[in-house]
Amino acid sequence: MSATEVLRTDKSWIQKTPAVCGGDACIRATRIPVWSLVAARRRGASDDELLNYFVTPLTPDDVSAAWSYYERYPAEIDQALREQEEA
């Protein structure tokens with residue numbers, strides 16, 4: 001099954017791919033789910049820290065796309081966070 005692009009900004013996008021990260025919304029062609037950035041931010045990480053935190057490099061546009069996605073779909077991301085906490 002192919003990826004579904006669900007939000008695009010000028011230089012990045014969020015996509016869902018059924019066989020990647022359980023189909024969670026991820027940043028462009030990475031395995032970095034949006035919920036992981038939201039979780040890090042809730043723990044106090046700044047956007048600059050997030051840019052250097054992941055093995056796959058992120059750009060400021062990637063982080064911005066994640067925040068835009070979370071603003072549009074907070075219930076989805078909050079549910080994914082709850083599922084991660086229960087796992």
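The following paragraphs examine the structure supplied in this document.

Conventions used here
Residues numbered from 1 in each chain as written. Predicted model: local features only at pLDDT ≥ 70, side-chain atom pairs only at ≥ 80, totals over all residues. Heavy atoms only, no water. Helix = DSSP H or I, 4+ residues; strand = E, 2+ residues; numbered from the N terminus. Contact = heavy atoms within 4.5 Å. Disulfide = S-S within 2.5 Å. Buried < 20%, exposed > 50% of the residue type's maximum accessible area, 1.4 Å probe, protein only.

Examined against the element boundaries, Trp35 turns out to sit in helix α1 (residues 34-42). Those residues in contact with Trp35 that sit more than four places away from it in its chain are Asp24, Ile77, Ala80, Leu81 and Gln84.

What follows concerns the state of the cysteines. Applying the stated criterion across every chain yields a total of 0 disulfides. Not engaged in a disulfide, the cysteine Cys21 finds its nearest cysteine sulfur in Cys26; these two sulfurs lie 4.0 Å apart. Exposure remark for Cys26: the relative accessible area of 3% places this residue in the buried category.

This part takes up unusual backbone geometry. Of note, the phi angle at Cys21 is positive, near 50°, even though the residue is not glycine. You can see Cys21 is positioned in the loop between β2 (13-16) and β3 (25-27). Judged by its relative accessible area of 26%, Cys21 falls in the partly exposed class. Its identity as a non-glycine residue notwithstanding, Arg28 has a phi of 30°, on the positive side.

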